[in-house]
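# Understanding the architecture of this molecule
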Amino acid sequence: MPQPMIERYRDTLPLEPGDPVVSLNEGSTPLVEAPVLSERVGARVWLKVEGANPTGSFKDRGMTVAVSRAKGRGAEAVICASTGNTAASAAAYAVRAGMTGAVIVPEGKIAIGKLAQALIHGARVIALEGNFDDALVLVRELSERHPIELVNSVNPYRIEGQKTAAFELIDELGEAPDALAIPVGNAGNVTAYWRGFQERETAPVLYGFQAAGAAPLVIGEPVANPETVASAIRIGSPARWEEAMNAFNTSRGRVAAVTDEQILDAYHWLASNEGVFCEPASAASVAGILNHGLPVVEGMETPETVVCVLTGHGLKDPDTALGKAPPVISCANEITVVERAVFG
Ligand SMILES: *Cc1c(COP(=O)(O)O)cnc(C)c1O
C-alpha cells in the first residue's frame, strides 16, 4: 500500500503526537537512470523525478508536514508567496486539511498549469504587482498580524519534510550519491537535502544552479529585478541564503549560474533524449552539469554517481514546451497525404 511520507519517516519528523496526517501520498518518487546523460557527462546519472508528487513538485514533501502541524495547532488558514508550485501545493493540502488557503503570486509571472491548480483547489489567488521577493515580505507581515499559517520554506516544517528526499536517495541507492545537482531559488530545498544527508551522516558534493538573471548566491548580493524563463527560480533574495551557502561550502561543492538558453536546451534535450519532461527550472540541474561539468574537488575523485533533482513536472508550463518544440503537422483526411505526413 502506498504510504503517506510522514508515516515512512515519522521518527525523523518533529510532529506532535496528536497531529493529524494531512497527506496525498507524496514522496517515494521515481529515481530514473539517465543512460544518455550518463554517457555525455562520464558518470552514472540518475534523475530524481519530483514532478511525480501529487501536485507535481517537491513542494508537497514540505507541505504535508507544514499543514499537518498547522492543523494540529488549530490553524484554520494557510498563506504563502509563490512562484507557482508552493501555491499549487498549499491549495491542495489546505483542501485536504479542511482549511482555507490564500496565495500571493507575481502577476503574469507564473506558469499556467500552476495557476490552474491553485484556482481549481479553491484557494484565494492574489496576483501582486511585484515579484516573488515582494510577495514574501508581505505574507511574512500578514502572518504576524493575523492567525494564518505561513507555509513558505521559511516555515521550519517545510524543510523537515523536504529532507526526506535525501533519505529516499540513500535508501534506494544504498548510499548517498557522490554528487547532487539541484536548482536553487529561495534555497529551501538545497538546505533540506543537506539536512537529510547530515542526519544520515553522509555528505555528497552539492552542486547548486541558479538562472543567470536570478543568481544572487553566485554574484554574492541580492538581485533587485530577477529575470528568467525558469519562473520557479525567479528569486532575487533567497530566504535561506546563509544555510544554503553553508551547505555548498561544507560539502565542498559550489553554486553556479546557467543561462536561459542553457536551461531551455537542457529541458528540451532531456525530454527528447531521456523521455523525461520536467519544468524549465528543474532543467537547471541538468544544464549545470552539462555546461559546467561535474564538480572537481581537490583531494577527491571525480564523482562516479550523480543525482540531478528534477523539481517539478513539465506539464506545469505547457507554454514554454510549445515555444521550444517543433510545430504540429496539419494534414488532410486522405491516406496518401497522411502517409507523407507520417513518414516525411
Ligand atoms: C520551488 C522550486 C524550486 C526552487 O526551490 P527552492 O527551495 O526555492 O530553492 C526549483 N524548481 C521548482 C520546480 C520549484 O517549484
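### Overview of the domain arrangement of the protein chain
- What the domain assignment lists for the protein chain is domain 1 (5–56 + 157–323) and domain 2 (59–155).
- Put simply, the middle of domain 1 and the middle of domain 2, counted by C-alpha atoms, are 21 Å apart.
- Between domain 1 and domain 2, the residue contacts involve 48 residues of the former and 39 residues of the latter.
- When domain 1 packs against domain 2, close to 3500 Å² is buried across both sides, 53% of that on carbon and sulfur atoms.
- Of all residues in domain 1, Val22, Tyr157 and Arg158 give up the largest surface area on contact with domain 2, accounting jointly for 25% of the area buried on that side.
- With its nearest N and O atoms 2.9 Å apart, the salt bridge here joins Arg61 to Glu168.
- Between domain 1 and domain 2 we count 26 residue pairs in polar contact (both at pLDDT 80 or more) in total.

### Describing the site of the ligand
- If you check the shell around the ligand, you find 16 residues, and the closest are Lys59, Asn85, Asn186, Asn189 and Thr311.
- Between the ligand and Asn186, the relevant distance is 2.7 Å, taken from an oxygen atom to a main-chain nitrogen or oxygen of the residue.
- Separating an oxygen atom of the ligand from a backbone N or O atom of Gly188 is a distance of 3.1 Å.
- About the coverage of the ligand: the protein hides 97% of its 380 Å² of free accessible area.
- Taken together, the residues of the shell around the ligand break down into six nonpolar, eight polar and two charged.

Calculation criteria
- Residues numbered from 1 in each chain as written.
- Predicted model: local features only at pLDDT ≥ 70, side-chain atom pairs only at ≥ 80, totals over all residues.
- Heavy atoms only, no water.
- Domains from an automatic or database assignment.
- Contact = heavy atoms within 4.5 Å.
- Buried area = accessible area lost by both parts, 1.4 Å probe.
- Salt bridge = Lys/Arg side-chain N within 4 Å of Asp/Glu carboxyl O.
- Polar contact = N/O pair within 3.5 Å; in protein donor to acceptor, adjacent residues only side chain to side chain.
- Near = heavy atom within 4 Å.
- Areas by Shrake-Rupley, 256 points an atom, 1.4 Å probe, with all protein chains shown as cover.
- Nonpolar A, V, L, I, M, F, W, Y, C, P; charged D, E, K, R; others polar.

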